[in-house]
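Here are the chains, one letter per residue:
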Amino acid sequence: MGFLSKLTSFSDEEFSYLYRLENIRFKREQAERKFLKEMETEWKKIGGEALKEFKNEFSDEFKKNCRMQFLKQQIRALNEDIGLIYKRCELSLERNESYIVRVIICNINNLEEKEKRVKRFGTELYLLENKQENMEISDADVVVAKSFPFEKLIEVNHGLFALCPFHADVKPSLYVKNNFGYCFACGWKGDAIKFVMDKEHKNFVETVKFLNAGGD
Ligand SMILES: [Zn+2]
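First, a word on what this report is: a plain description of the structure on this page.

1. Remarks on the overall build of the chain
Move 1: Helix and strand counts for the chain come out as nine helices and four strands.
Move 2: Listed N to C, the secondary structure of the chain is α-α-α-α-α-α-α-β-β-β-β-α-α in terms of helices and strands.
Move 3: Across the 216 residues of the chain, 14% fall into the buried class.
Move 4: Pairs at least 24 residues apart make up 51% of the contacts formed inside the chain by residues separated by at least 6 positions.

2. Quick notes on helix 2 (residues 12-46)
Move 1: With 35 residues, helix 2 should reach 51 Å at 1.5 Å per residue; the first-to-last C-alpha distance of 51 Å fits that figure.
Move 2: Counted residue by residue, helix 2 has zero buried out of 35 residues, so it is predominantly exposed.

3. Observations regarding the packing of helix 8 (residues 192-200) against helix 9 (residues 204-212)
Move 1: Between helix 8 and helix 9, the shortest axis-to-axis distance is 9 Å and the interhelical angle comes to 115°. Pair helix 8 / helix 9 crosses with right-handed handedness. For the pair helix 8 and helix 9, contact is made by Ala192, Ile193, Val196 and Met197 and by Phe204, Thr207, Val208, Phe210 and Leu211, respectively.
Move 2: Tallied by class, residues from the contact of helix 8 with helix 9 come to eight nonpolar, one polar and no charged.

4. Considerations on the nonpolar core
Move 1: In this structure, Ala145, Leu174, Val176, Ala192, Ile193, Val208 and Leu211 are the most contacted members of the largest nonpolar core, which totals 19 residues.
Move 2: Put simply, the parts of the chain that give this core at least two residues each are helix 7 (139-146), strand 2 (174-177), helix 8 and helix 9.
Move 3: Element by element, the count of residues in this core is highest for helix 8, at four residues.
Move 4: What Ile193 contacts, discounting residues up to four positions off in sequence, is Ala145, Lys146, Thr207, Val208 and Leu211.

5. Re the sheet that holds strand 2
Move 1: Read from one edge to the other, the open sheet built from four strands follows the order 1-2-3-4, with strand pairing classed as antiparallel. A strand with exactly one partner marks an edge of an open sheet, and here the two such strands are strand 1 (161-162) and strand 4 (189-190).
Move 2: Of the strand pairs in this sheet, strand 1 and strand 2 are connected by two bridges, and their pairing is antiparallel. Looking across to strand 2, one finds that Phe161 is bridged to Tyr175.

6. A look at the pairing of strand 2
Move 1: In terms of strand pairing, strand 2 meets strand 3 (residues 180-183) through four bridges, oriented antiparallel. Paired with Tyr175 across the bridge in strand 3 is Tyr182.
Move 2: Between the antiparallel neighbours strand 2 and strand 3 lie two residues, among them Asn178 with a positive phi of about 50°.

7. Let's talk about the packing of helix 4 (residues 60-94) against helix 6 (residues 111-130)
Move 1: One way to put it is that helix 4 packs onto helix 6 with a least axis distance of 9 Å and a crossing angle of 150°. Taken together, helix 4 and helix 6 sit at an angle that is classed as roughly antiparallel. For the crossing formed where helix 4 meets helix 6, the hand is left-handed. Residues Lys64, Arg67, Met68, Leu71, Lys72, Gln74, Ile75, Leu78, Asn79, Asp81, Ile82 and Ile85 of helix 4 form the contact with helix 6, whose participating residues are Leu111, Lys114, Glu115, Arg117, Val118, Phe121, Gly122, Glu124, Leu125, Leu128 and Glu129.
Move 2: Looking at the contact of helix 4 with helix 6 residue by residue, the class counts come to 11 nonpolar, three polar and nine charged.

8. With respect to unusual backbone geometry
Move 1: In this structure, Asn96 takes a positive phi of about 55° despite not being glycine.
Move 2: With respect to the element layout, Asn96 can be found in the loop between helix 4 and helix 5 (99-108).

9. Quick word on the environment of Leu125
Move 1: Position of Leu125 among the secondary structure elements: in helix 6.
Move 2: A count of 17 C-beta atoms within 10 Å places Leu125 in the partly exposed class.
Move 3: With 56 residues separating them along the chain, Leu125 and Gln69 place their C-alpha atoms 9.3 Å apart.
Move 4: Ignoring sequence-local partners within four residues, the contact set of Leu125 consists of Met68, Leu71, Lys72 and Ile75.

What counts, and where the lines are drawn
Numbering of residues begins from 1 in every chain and follows the order in which that chain's sequence is written. Totals for whole chains, interfaces and linings use every residue, but because this is a predicted model, local features are given only for residues with pLDDT of at least 70 and side-chain atom pairs only at 80 or more, for both listing and counting. Each helix is a run of DSSP H or I of at least 4 residues and each strand a run of E of at least 2, with the numbering of both proceeding from the N terminus. Note on burial: count the other C-beta atoms lying within 10 Å of the residue's C-beta; 20 or more is buried, 12 or fewer is exposed, in between is partly exposed, and C-beta positions come from the backbone. Contacts here follow a simple rule: the backbone-placed C-beta atoms of the two residues must lie within 7 Å. Multiplying 1.5 Å by the residue count of a helix minus one yields the expected span of that helix. Angles run from 0 to 180 degrees between N-to-C directions of axes, and those axes are lines fitted to C-alpha atoms, restricted for helices to the stretch in contact. Left-handed is the label given to a crossing in which the near helix is rotated counterclockwise from the far helix by less than a right angle, and right-handed is the label when the rotation is clockwise. Under the scheme applied, nonpolar residues are Ala, Val, Leu, Ile, Met, Phe, Trp, Tyr, Cys and Pro; charged residues are Asp, Glu, Lys and Arg; polar residues are all the others, including Gly. A set of buried Ala, Val, Leu, Ile, Met, Phe, Trp, Tyr and Cys residues, joined through C-beta atoms within 7 Å, is what we mean by a nonpolar core. Any two strands between which DSSP finds at least two bridges are classified as paired. If an angle is under 35 degrees, it is roughly parallel; if it is over 145, roughly antiparallel; if it lies from 65 to 115, roughly perpendicular; otherwise it is oblique.

Have a look at this one:
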């Protein structure tokens, strides 16, 4: 604790507060995991067959909608979390703290894992939302579009920042990392597909086609 507060402008008191917060979060997550594990065991006891029958009573459309609701809710919660982590990093930047502090903030909060999950859930949601209506694009097209390099869509500087097109930006505040953008000023966030959809006012299919054609 003393070591960390020497690197930063946090006082020992603030640090022990942060530490307690993270500890509470960690314990809560542990309890949730334990609960889920117990639920799963219970399910298995009741029997997989019963579950299968139960599932078959619902239409594919209904199951699809349930899954979509679940994904949307997960993405919303994760994005809120990610936004908070970025805010903490921003605060740390404002305080001119050492880079290591931001590394710690990101690691302690599993930022990377959360961003990966948002991406994964987002792809699945895109596919579920657009598959039926739009057979003209394939899953592979969506993957290509999602991984279309951000730097080809907008000029990103060495510090990984770009001028944000979604608000009147004077100093670059759109942070681009792992092909995912986040604006510290207006809060816009998303991948290459979302970027083109919002900037060019194209729909999903148009955007996927546009990006598969090289973005011009
Ligand atoms: Zn912005």
